[in-house]
Amino acid sequence: MTYILPVLAVLLSFVPVYITRPKKKGHFKLLLAFSGAFLLALTVFELLPEVYEAGNAKKVGLFIMLGILLQIFLEFFSKGAEHGHVHLQTDASAFPWSLFISLSVHSFLEGFPIEEHQLMLYGILIHKIPIAIILSIFLVNSKMGIQKAVFFIVLFSLMTPLGSFVSHNIPWVATYSTVIKALVIGVFLHISTVILFESSEGHKFNLRKLVVIAMGIGIAYFL
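The rules behind these values
Residues numbered from 1 in each chain as written. Predicted model: local features only at pLDDT ≥ 70, side-chain atom pairs only at ≥ 80, totals over all residues. Heavy atoms only, no water. Helix = DSSP H or I, 4+ residues; strand = E, 2+ residues; numbered from the N terminus. Expected span 1.5 Å × (residues − 1). Buried < 20%, exposed > 50% of the residue type's maximum accessible area, 1.4 Å probe, protein only. Phe/Tyr/Trp six-rings, centres within 6.5 Å; stacked < 30°, edge-to-face > 60°. 1 Å grid on protein atoms, 1.4 Å probe; cavity = no way out; pocket = protein on both sides within 12 Å on 5 of 7 lines; lining within 4 Å. Points joined across faces, edges and corners; volume = space filled by probe spheres on them.

Caption draft 1: Geometry of helix 5 (residues 118–141). Here helix 5 contains 24 residues, and its C-alpha end-to-end distance of 35 Å stays within 8% of the 34 Å for a straight helix at 1.5 Å per residue. Among the 24 residues of helix 5, 18 are classified as buried, and the element is accordingly described as predominantly covered.

Below, the structure is given as structure tokens:
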């Protein structure tokens, strides 16, 4: 299930988008806010205590910060697609390699903590679904063609399972597991907090989003 569910989450998000051809992505903001809160809470409850217990606190903190910087660097190429923004031109027909590579690196890193933390699988799945839907809306409405869109989505869906496979089967990864997890934590912290900050338009109070965010944190705590 560690390998199958991330693939299904992406592919099953693409299919209804392809069938219905929606133009707008604003309807998924509540789901996006829930996913950000859920992922952030699981990162704080599950991953942070373990890495600080297993490694030198300052070294762990350094790699968390490097993870944040890495994600900022990736977003330079993805234009923020990891947290629900795709600002590329829909009339372009060329395959968006920069978007694909940056999203693939992000998804590959997401797979590393899943083998040892099954709860993180749920957090990543809930994070992937709204992102995959928004990404699919862009791909379906672009002029690159359905073959390129399907090629993009299928390869993208395989990146997280590939990260899980590498983390579980490559011996040297276990040697550096603490710093790798710290790096992934930095990626998660940046993504989830950006989602939460951006979920409130104009920084206005929104009761529905507040309730959804509280639900995400509460469910993560009691799992």
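Caption draft 2: How the structure looks around the packing of aromatic side chains. According to the stated counting rule, one finds 10 aromatic pairs in the structure shown. Each ring, one from Phe 14 and one from Tyr 18, has its centre 6.2 Å from the other, and the planes form 15 degrees; the classification is stacked. Note that Phe 14 and Tyr 18 are positioned in helix 1 (residues 4–20) at a spacing of four residues, about one turn of the helix. A residue is classified by how much of its surface remains accessible, and Phe 14, at 8% relative accessible area, is buried. Ring geometry for Phe 108 versus Phe 112: centroids 5.2 Å apart, planes at 80 degrees, classification edge-to-face. Connected via pairs of aromatic rings, a cluster forms that spans Phe 45, Tyr 221 and Phe 222.

Caption draft 3: Here's a closer look at empty space enclosed by the protein. Counted under the stated rule, the structure contains one cavity of 30 Å³ or more. Put simply, the largest cavity is a space of about 50 Å³. What lines the largest cavity is simply Glu 82, Leu 103, His 106, Ser 107, Glu 110, His 127, Lys 128, Ile 131 and Phe 156. Where the lining of the largest cavity is concerned, the elements lending two or more residues are helix 4 (97–110) and helix 5.

None of this, on its own, says anything about what the molecule does.
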